[in-house]
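Structure at a glance
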Amino acid sequence: MATNPGLFTEWPWKKLGNFKYLILAPWVAHGGYLAATKGWQEVDLGYLLIFPSLLLRMIHNQVWITISRVQNARSRRQIVDRGIEFEQVDRERNWDDQVLLTGILLYLGALYLPGGQHVPLWNTKGFLLIALLHAGPVEFLYYWFHRALHHHFLYTRYHSHHHASIVTEPITSVIHPFAELVAYELLFSIPMITCALSGSASILAFEIYVLYIDFMNNMGHCNFELVPNWLFKWFPPLKYLMYTPSFHSLHHTQFRTNYSLFMPFYDYIYNTMDKSSDTLYEKSLKGKEETVDVVHLTHLTSLQSIYHIRPGFAEYASKPYTSKWYMRMMWPVSWLSMVLTWTYGSSFTVERNIMKKLKMQSWAIPRYSFHYGLTWEKEAINNLIEKAICEAEKKGAKVVSLGLLNQAHNLNGNGELYLQKLPKLGVRLVDGTSLAAAVVMNSIPQGTDQVILAGNISKVSRAVAVALCKKNVKVVMTNKQDYHFLKPNMPEDTAENFLFSKTAAAKVWLIGEGLDASEQFKAQKGTKFIPYSQFPPRMVRKDSCTYSTTPAMAVPKALQNVHSCENWLPRRVMSAWRIAGMVHALEGWNEHECGDIVLDMEKVWSAALLHGFRPVAQA
């Protein structure tokens, strides 16, 4: 919202939420009715193609979002070296409103504008007219309108909403109050209305013009330089006819320079060109050496998780992951993305963070959760993880943390396999067991004298069981086979606190994967379920029972560029396995934590608190 909102800043369909797309339904239905009753030969093709063209714009914009986020996660050719936060993502969530507004105007034009009906597929005269009118009146009027928007009166009421995003993303380009964007739409409609009135309109010319506007808008706000220098050397006048991302980024950081729309020509004429434009362009184009201190290795989970990761859909990535019924309608795209991911030969960067000069990245192994359960995929996955570890070491990483199933015992022995294969490994491998166990320990209510341990046994559950028994807390298991498997791990002086019973009635359950819903119903009302697993359990108890998150902590404000949720965790909450790698690097510890190694839990917990990480309940 602008600092001092003016008239008509709110979008008229804001209260409709995701149902706002229904405002186009009458026209879409009308087009379908005409096609069904009159036949394709007699119906106005331009009218029918409006809705598909809007879908094409949505896809076009999403492609830019994904490319920009992937590129900025790698930090190559980044222009403004700062991160964005959830506040900006929320402010820019309505980027599709301008597509709806354009659709309304196109439908109205196709129905009522003289010359807007039954236009041909192509008209060269109209295409040239659009190009000339854009380079002349549109660019000229935009320049002076834009300068007017930077006057205090209009800036505080309207344009400040757009400039709240100093670090831009492609969709930042269309984030404006309603009244301001209406003015832009009317400005851009000048060439198309003129073509219609002169009888030179055509479907492809209009579509190319709209896609040109989207392309230039997205490119100018993507925060990484991609316009090659050879273009300007090949055709020097192009520097006056096409801006670059670095050119426009100066407008967002300096505010009163580089006002032009897409053609810097008018900034040169009226002496508003930022003097550092060329320098910043050359610097951004060269990029910088990609360095990283900590790499967290994760992987995709369900088929729909491809939309939830940071380079996916910005709105979904900014919320904890939940399966949505309407996303299932995109199953062809989901399966195609799975095939493409499966054939990809190496990990890919999904997120970049900075904390106390520590540079961190999250890399995703190109596999889904179900791949980790396939015997014939085991070797391929281990090779991918090994390759990622070696790549991280080449980039100067000090620590690699293993998240989700990348540290599964039946896959690589909690990472021990890589130490055996890479005996001279310089980077430290961290499976995060000590911090995950510490989080579980500190989630147990004070005064608890008995807990039930249920679910598949893991390295974390063993560490928790040993620590609880040492604190004289009874640990009861209801599975006899698991009890006998874990019993040898218990120190002799605390073995009396490790028990087996089918009728235990503790109020605290420590649960892992593989726990049946029927087992949960054996718990008393009011039981507190505390997961120790990487994946959350099914929450089947709807009575007074409560469920904690999987082992995780809230991150401090010092951790920057956090604007996506880690899987199912809340905002600014990260898994203990991921945080463990950060703490390891921040403390400068030189030992590995993988295989059977478990670090001092109290030491790791205290270090995490010292660096500002907090229990989720205290966030």
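Conventions adopted
Each chain carries its own residue numbering, running from 1 in the direction its sequence is written. The predicted origin of the model limits local features to residues at a pLDDT of at least 70 and limits the giving and counting of side-chain atom pairs to 80 or more, whereas totals for whole chains, interfaces and linings rest on all residues. Calculation of side-chain values draws on the structure's entire complement of heavy atoms; hydrogens and water are dropped beforehand. Only Phe, Tyr and Trp rings are paired, with Trp represented by its six-membered ring, and only when their centres lie within 6.5 Å; those with planes under 30 degrees apart are stacked, over 60 edge-to-face, the remainder tilted. Secondary structure elements are defined from DSSP: runs of H or I of at least 4 residues count as helices, runs of E of at least 2 residues count as strands, and each element is numbered from the N terminus. Each residue gets one of three labels from its accessible area relative to the maximum for its type: buried under 20%, exposed over 50%, partly exposed in between, using a 1.4 Å probe on protein chains only. Remark: a charge is flagged as sitting over a ring if the NZ atom of Lys or the CZ atom of Arg is within 6 Å of the ring centre and within 35 degrees of the ring normal. UniProt positions are given in the numbering used here, feature names are shortened, and annotations may be inferred rather than shown by experiment. Joining through side-chain atoms within 4.5 Å is the link that ties buried Ala, Val, Leu, Ile, Met, Phe, Trp, Tyr and Cys residues into a set, and such a set is a nonpolar core. Contact definition: two residues touch when any of their heavy atoms are within 4.5 Å. Positive charge is attributed to Lys and Arg, negative charge to Asp and Glu, and no charge count is given to His or to the chain ends. A side-chain nitrogen of Lys or Arg and a carboxyl oxygen of Asp or Glu constitute a salt bridge if their distance falls within 4 Å. When DSSP locates at least two bridges between a pair of strands, those strands are taken to pair. Only the stretch in contact is used when fitting a helix axis, every axis being a line fitted to C-alpha atoms; angles between N-to-C directions are given from 0 to 180 degrees. For a crossing to be left-handed, the near helix must be turned anticlockwise from the far one by less than a right angle; the clockwise case is right-handed. Ten residues, namely Ala, Val, Leu, Ile, Met, Phe, Trp, Tyr, Cys and Pro, are considered nonpolar, four, namely Asp, Glu, Lys and Arg, are considered charged, and the remaining ones, Gly among them, are considered polar. In this analysis the probe radius is 1.4 Å and the grid spacing 1 Å, with only protein atoms considered; a cavity is a set of points the probe fits into but cannot get out of, a pocket is an open set with protein on both sides within 12 Å along at least five of seven lines, and lining residues have an atom within 4 Å of a point. Grid points are joined across faces, edges and corners, and a volume is the space filled by probe spheres set on the points.

**Observations regarding the packing of aromatic side chains**
In total, this model carries 30 aromatic pairs according to the counting rule given. With 5.7 Å between their ring centres and 90° between their planes, F232 and Y281 make a pair best called edge-to-face. Of this pair, F232 sits in helix α10 (residues 229–234) while Y281 is found in helix α14 (residues 277–286), placing the two residues 49 residues apart along the sequence. What makes F232 buried here is its relative accessible area of 13%. Taken together, the aromatic side chains of F140, Y143, W144, Y259, F265, Y266 and Y270 make up a single cluster linked through ring pairs. The lysine or arginine in question, R157, covers the ring of F153, its NZ or CZ lying 3.9 Å from the ring centre. It is K239 that lies over the ring of Y240; its NZ or CZ is 5.9 Å from the centre.

**Details of the UniProt feature "transmembrane region" (unreviewed entry) in the protein chain**
The UniProt feature table records "transmembrane region" (unreviewed entry) at residues 99–115, 127–145, 186–212 and 329–350. In residues 99–115, the share of helix is 82% and the share of strand is 0%. The end C-alpha atoms are 23 Å apart. As annotated, residues 127–145 comprises 100% helix and 0% strand, and the C-alpha atoms at either end are separated by 25 Å.

**Structural notes on the nonpolar core**
L435, L468, L510 and F613 are the most contacted members of the largest nonpolar core, which totals 57 residues. Sorting elements by how many residues they give to this core places helix α22 (residues 459–470) first, with 8 residues. With residues up to four places along the chain from it excluded, the contact list for L510 reads V440, I444, V451, I452, L453, A454, V464, L468, I530 and Y532. One finds V99, F178, L181 and C222 within the second-largest nonpolar core, a separate group that totals 53 residues.

**Considerations on the side chain of E92**
Within the secondary structure, E92 sits in the loop between α4 (86–91) and α5 (97–112). No salt bridge is formed by the buried E92, whose closest oppositely charged neighbour, R91, lies at an N-O distance of 4.8 Å. Apart from the residues within four sequence positions on either side, E92 is in contact with S165, E169, I171, T172 and I175.

**Some details on the sheet that holds strand β1 (residues 294–299)**
On the basis of which strands lie adjacent, the open sheet formed by 5 strands has the order β2-β3-β1-β4-β5 and mixed pairing. On the outer flanks of this sheet lie β2 (348–355) and β5 (428–430), each paired with one strand and no other. Put simply, the sheet's adjacent strands are angled 20° from each other on average, direction ignored. Relative to strand β4 (residues 399–402), β1 is paired through 4 bridges, and the arrangement is parallel. Each residue of the ladder has a partner; that of L297, found in β4, is L402. Across the sheet, helix α18 (residues 378–394) touches β1, β3 (358–365), β4 and β5, and the angle it forms with β3 is around 160°.

**With respect to unusual backbone geometry**
Positive phi, close to 60°, is recorded for N271, a residue that is not glycine. Counting through the fold element by element, N271 comes out in the loop between α13 (265–269) and α14. Backbone geometry places N472, a non-glycine residue, at a positive phi of 65°.

**Thoughts on the packing of helix α6 (residues 124–149) against helix α9 (residues 203–220)**
Close contact between α6 and α9 brings their axes to 9 Å; oriented N to C, the two are set at 35°. Note that α6 runs across α9; the crossing there is right-handed. Across the interface between the two elements, F127, I130, H134 and V138 of α6 pack against A205, F206, I208, Y209 and Y212 of α9. When grouped by side-chain class, the residues that make up the contact of α6 with α9 number 8 nonpolar, 1 polar and no charged.

**Here we look at the layout of surface pockets**
Empty space within the second largest pocket amounts to approximately 950 Å³. Contributing to the lining of the second largest pocket are 49 residues, with T102, L106, M192, F206 and V210 lying nearest its centre. When contributions to the lining of the second largest pocket are tallied by element, the ones reaching two or more residues are α2 (45–48), α3 (50–74), α5, α6, α7 (152–163), α8 (178–198) and α9. With 9 residues, the single largest contributor to the lining of the second largest pocket is α8. Of the residues assigned to the lining of the second largest pocket, the class counts are 29 nonpolar, 15 polar and 5 charged.

**Here's the deal with the sheet that holds strand β13 (residues 573–575)**
A sheet is described by the order of its strands in space; here 3 strands give the open sequence β13-β12-β14, paired in antiparallel fashion. Both edges of this open sheet fall to β13 and β14 (614–615), since each of them pairs with a single strand only. The pairing of strand β12 (residues 552–554) with β13 spans 3 bridges and is antiparallel. Across the sheet, the residue bridging to A554 is V573, located in β13.

**A short note on the pattern of salt bridges**
Counted under the stated rule, the structure contains 21 salt bridges. Of the charged contacts, one joins K14 and E10 as a salt bridge, the two residues approaching to 3.1 Å between their closest N and O atoms. In this structure K14 comes out as exposed when scored by relative accessible area, which is 52%. Residue class for E10 comes out partly exposed when judged on its relative accessible area of 38%. Notably, a salt bridge pairs D543 with R541, separated by 2.6 Å at the nearest N-O pair. Here the salt bridges do not stand alone but share partners, grouping K20, D96 and D97 into one network.

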